[in-house]
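A look at the structure
Residues per chain, in single letters:
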Amino acid sequence: MIRCLQRTFILSAAGVLSLASATHRVSAQSAQPVSLQISGFGTSVAMPESTTGTSGFGVEPQLRLNHVARSESLGTLSLGIGGQYTKHTAGPEEITITGGFVEPRWVPPFSFADGHMFPYLAARVALLRQSNNFGTGTSGTAFGGGGGLAIAVNRQLNLDVGAAFIQQKFNDFTYYKSSTRAAGAAGALNSLGTYAVKAGLSYGFGK
């Protein structure tokens, strides 16, 4: 059984390496210098006095500078600047998260599926704002990293899916409405290691 699994792993790895070596067009992932990406976006936030996350979904638009640095041997570095919006609900409590982010992305010097699929690694730094129906709004930050896959539909249009692990933190707030807390009491959204996922379309501009 173990030998069978080892043989299967070796054959699978060989197939992946063969496919990767057969497709190495660095420029195809982002043929245009600038692209606009619109994605559905999901993440999680800790509700007041909770250490667990409550998922929420929304939208993420971003503008990408696709050719910050390019090398046939090292790959392509791009930079995205954009915004995010998600809404989170747990019982009667609602939190809306908005903010702006910077997302550098590295595409390695190989591709898959005859030059139509491009993996990437990405970092993310965001300045956030939470507003809610039970207290004051506060600012926060998020940072982390992950990866994804860009799939070329045609020369200008890409399908983009990605995920990241994010560390998120908000300043304390003041309650003005709560079934368990007095108005004016201090509250907190605990720091949370959470996820960020997105799927959307990217359209390139220019030649």
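See the structure above.
Reference entry: report on the structure contained in this document. The structure displayed is predicted, hence computed values, not measured ones. What you see as residue numbers is a count from 1 along each chain, following the sequence as written. Local features in this predicted model are restricted to residues of pLDDT 70 or higher, and side-chain atom pairs are both shown and tallied only at a pLDDT of 80 or more, whereas totals for entire chains, interfaces and linings draw on every residue. With hydrogens and water excluded, all non-hydrogen atoms of the structure serve as input to the side-chain values.

**A short note on the overall build of the protein chain**
Each helix is a run of H or I in the DSSP string that is no shorter than four residues. Each strand is a run of E no shorter than two, and both are numbered from the N terminus. On a plain count of helices and strands, the protein chain comes out with 1 helix and 10 strands. When the helices and strands of the protein chain are placed in sequence order, the string is α-β-β-β-β-β-β-β-β-β-β. Note on contacts: a residue pair is in contact if any heavy atoms of the two residues lie within 4.5 Å. By sequence separation, contacts in the protein chain at least 24 residues apart represent 65% of the contacts at least 6 residues apart.

**Structural notes on the sheet that holds strand E7 (residues 157–170)**
By this definition, two strands are paired if DSSP reports at least two bridges between them. Spatial ordering of the closed barrel is given by E1-E2-E3-E4-E5-E6-E7-E10, a layout of 8 strands whose pairing is antiparallel. Neighbour-to-neighbour, the strand axes of the sheet open up by a mean angle of 25 degrees, direction not taken into account. In this structure, strand E1 (residues 34–46) lies alongside strand E2 (residues 53–71), joined through 13 bridges in antiparallel fashion. When the sheet's bridge partners are listed, Gly40 is paired in E2 with Val59. For helices, the axis comes from a line fit to the C-alpha atoms of the stretch in contact; other axes are also lines fit to C-alpha atoms, and the angle between any two N-to-C directions lies between 0 and 180 degrees.

**Some details on the side chain of Ser202**
Mapping Ser202 onto the fold places it in strand E10 (residues 192–205). Residue exposure (1.4 Å probe, protein chains only): buried if accessible area is under 20% of the type maximum, exposed if over 50%, otherwise partly exposed. Among the residues examined, Ser202 registers a relative accessible area of 8% and is labelled buried. Polar contact criterion, stated in full: a pair of N or O atoms within 3.5 Å, where within protein one must be able to donate a hydrogen and the other to accept it, and residues adjacent in sequence count only if both atoms are side-chain atoms. For Ser202, the side chain forms a polar contact with the side chain of Ser35, separated by 3.4 Å. With sequence-adjacent residues up to four places away left out, Ser202 is seen in contact with Ser35, Leu36, Gln37, Gln156, Leu157 and Asn158.

**Here's the deal with the pattern of salt bridges**
Each reported salt bridge corresponds to a side-chain nitrogen of Lys or Arg within 4 Å of a carboxyl oxygen of Asp or Glu. As enumerated under the stated definition, the model contains 8 salt bridges in all. The salt bridge partner of Arg124 is Glu60, with a shortest N-O separation of 3.0 Å. Of this pair, Arg124 sits in strand E5 (residues 117–132) while Glu60 is found in strand E2, placing the two residues 64 residues apart along the sequence. Glu60 sits in the buried class, given a relative accessible area of 0%. Salt bridges linked by common partners bring Glu60, Arg64, Glu103, Arg105, Arg124, Asp160 and Lys198 together as one network.

**A look at unusual backbone geometry**
Notably, Ala113 is not glycine yet its phi reads approximately 55 degrees, a positive angle. Along the polypeptide, Ala113 turns up in the loop between strand E4 (93–107) and E5.

**What about the pairing of E10?**
Only one face of E10 is covered, namely the face carrying Leu192, Thr194, Ala196, Lys198, Gly200, Ser202 and Gly204; the face carrying Gly193, Tyr195, Val197, Ala199, Leu201, Tyr203 and Phe205 is uncovered. Where E1 lies against E10, 10 bridges are found, and the strand directions are antiparallel. Note that in E10 the partner of Ser39 across the bridge is Gly200. Here E7 runs beside E10; their pairing, made up of 12 bridges, is antiparallel. By the bridge assignment for E10, Leu157 is matched with Tyr203.

**Here we look at the nonpolar core**
Within the largest apolar cluster, 17 residues are counted, with the highest numbers of intra-cluster contacts made by Ile95, Ile97, Leu128 and Phe170. When contributions to this core are tallied by element, the ones reaching two or more residues are E1, E4, E5 and E7. Ignoring sequence-local partners within four residues, the contact set of Phe170 consists of Val45, Ile97, Leu128, Arg129, Gln130, Thr138, Ser139, Gly140 and Leu189. The nonpolar core is taken to be a set of buried Ala, Val, Leu, Ile, Met, Phe, Trp, Tyr and Cys residues, with the residues joined through side-chain atoms within 4.5 Å. Of all hydrophobic cores here, the second largest spans 5 residues; its members include Phe118, Tyr120, Ala122 and Ala150.

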